[in-house]
Amino acid sequence: MNKRWPEPSADDLAAFLAAVDGATPLRRGGRVLLDPPKPSPRPRQREIDEAAVLGEALHAPLAVDDWLDLGGADSFLRPGLPRAILRDLRRGRWCIQDHLDLHGLNRHQAHAEVTAFLGDSLFAGKRCLRIVHGRGHGSPGREAVLRRLVKSWLGRCRDVLAFCHAPPSDGGDGALWVLLKGSGQPR
C-alpha cells in the first residue's frame, strides 16, 4: 500500500523555504552503512555425522570385540547407554573438538580447569574432548595422581556420556577422550 501525501500549499512551501534559507546541505561522503551481523557458521555435516554415529550406536548389535572388552577399568560409559558408544569413541569415530592440558597443575588447579573446560565446551556445543592429565612422571613417587582424580571427576559429571584412554598417538595412558551430551539431550 503506497500512501501518498497531499501536495503542500503555496504558503506551506514558502514557510519551509524561509526556514531552510541559508542552510548548507550535508556532504554525501563519510557515512557509515551498517549491515546486520551475519550468523555464525554451523558445521552441519559434522552434526549429521555425529547424529548418524549415535544412531548406529543405539541400534547396532554388539561385535565380538565389545564382548571381550566389557568392564575395562580405564574407561567409563554412563549406565543405560549402549556399549557401541564407547566402542566408537575408542575407535576415533568422533573428531576431537578441543583439548585441555593439565601438565604442571596441582589437584586443586586441575579440578578448577577441568570444571571450567567442561562447562565452556558444553556451552559451545562441543561433544568430543581430549584431556591430557599426564602419566605421573613429575609427581612424587611417580604416581599418576591426576589420572585417577580426572577419571573420578568425569565419572561424577552428569554431562559426560563416556571416556576412555586415548590411543598412543594421541597421549595414550596420559590422556583421555571424553564424550559429552549434545545440546538436544536432557541433562
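Before reading on, note that the structure itself is shown above.
Residues numbered from 1 in each chain as written. Predicted model: local features only at pLDDT ≥ 70, side-chain atom pairs only at ≥ 80, totals over all residues. Heavy atoms only, no water.

## Here we look at the packing of helix 5 (residues 107–124) against helix 6 (residues 145–156)
Link 1 in the chain: Relative to each other, helix 5 and helix 6 sit at 40°, their axes nearing to 11 Å. Crossing of helix 5 against helix 6: the hand is right-handed. Counted together, Arg107, Ala110, His111, Val114 and Leu118 of helix 5 and Val145, Leu146, Leu149, Val150, Trp153 and Leu154 of helix 6 form the full contact between these two elements.
Link 2 in the chain: For the contact of helix 5 with helix 6, the class distribution of residues is nine nonpolar, one polar and one charged. (Axes fitted to C-alpha atoms, helices over the stretch in contact; angles between N-to-C directions. Helix = DSSP H or I, 4+ residues; strand = E, 2+ residues; numbered from the N terminus. Left-handed = near helix turned anticlockwise from the far one by under 90°. Contact = heavy atoms within 4.5 Å. Nonpolar A, V, L, I, M, F, W, Y, C, P; charged D, E, K, R; others polar.)

## Thoughts on the sheet that holds strand 5 (residues 175–180)
Link 1 in the chain: The five strands lie next to each other as 1-4-5-3-2, forming an open sheet whose pairing is mixed. At either margin of the open sheet sits one strand with a lone partner, and together these are strand 1 (75–77) and strand 2 (98–101). Sheet twist, expressed as the mean angle between neighbouring strand axes with direction ignored, is 20°.
Link 2 in the chain: Of the strands in this sheet, strand 1, strand 3 (128–132), strand 4 (160–165) and strand 5 touch helix 4 (residues 83–90), which is tilted by about 45° from strand 4. (Pairing = 2+ DSSP bridges.)

## Thoughts on a nonpolar patch on the surface
Link 1 in the chain: On the surface, a cluster of nonpolar side chains totalling about 370 Å² of accessible area is made up of Leu13, Phe16, Leu17 and Val20.
Link 2 in the chain: Here valine 20 lies in the loop between helix 1 (10–19) and helix 2 (44–59). (Patch = residues over 30% accessible without salt bridge, like charges linked within 9 Å, V, L, I, M, F, W, Y side chains within 5 Å. Areas by Shrake-Rupley, 256 points an atom, 1.4 Å probe, with all protein chains shown as cover. Salt bridge = Lys/Arg side-chain N within 4 Å of Asp/Glu carboxyl O.)

## What to know about the pattern of salt bridges
Link 1 in the chain: Under the counting rule described, the total for this entry stands at five salt bridges.
Link 2 in the chain: Residues glutamate 47 and arginine 42 are paired through a salt bridge, measuring 2.8 Å at the closest nitrogen-oxygen approach.
Link 3 in the chain: Taking relative accessible area as the criterion, glutamate 47 reaches 32% and is therefore assigned partly exposed.
Link 4 in the chain: Measuring nitrogen to oxygen at the nearest pair gives 3.4 Å for the salt bridge that ties aspartate 88 to arginine 93.
Link 5 in the chain: A single network of salt bridges, built from pairs that share partners, joins Arg87, Asp88 and Arg93. (Buried < 20%, exposed > 50% of the residue type's maximum accessible area, 1.4 Å probe, protein only.)

## A look at the pairing of strand 3
Link 1 in the chain: Of all five residues in strand 3, five are buried, a share of seventy percent or more.
Link 2 in the chain: Residues of strand 3 alternate between two faces, with Cys128, Arg130 and Val132 on one and Leu129 and Ile131 on the opposite face, all of them buried.
Link 3 in the chain: Sheet topology places strand 2 next to strand 3; four bridges connect them, and they run parallel. Bridging across to strand 3, leucine 100 finds its partner in isoleucine 131.
Link 4 in the chain: Tracing the backbone out of strand 2, into helix 5 and back to the parallel element strand 3 gives a crossover that is right-handed.
Link 5 in the chain: Here strand 3 runs beside strand 5; their pairing, made up of five bridges, is antiparallel. The residue bridging arginine 130 from the neighbouring strand is tryptophan 177, located in strand 5. (Right-handed = clockwise from strand over helix to strand, strands pointing away.)

It is worth stressing that arrangement in space is one thing and function is another; only the former is reported here.
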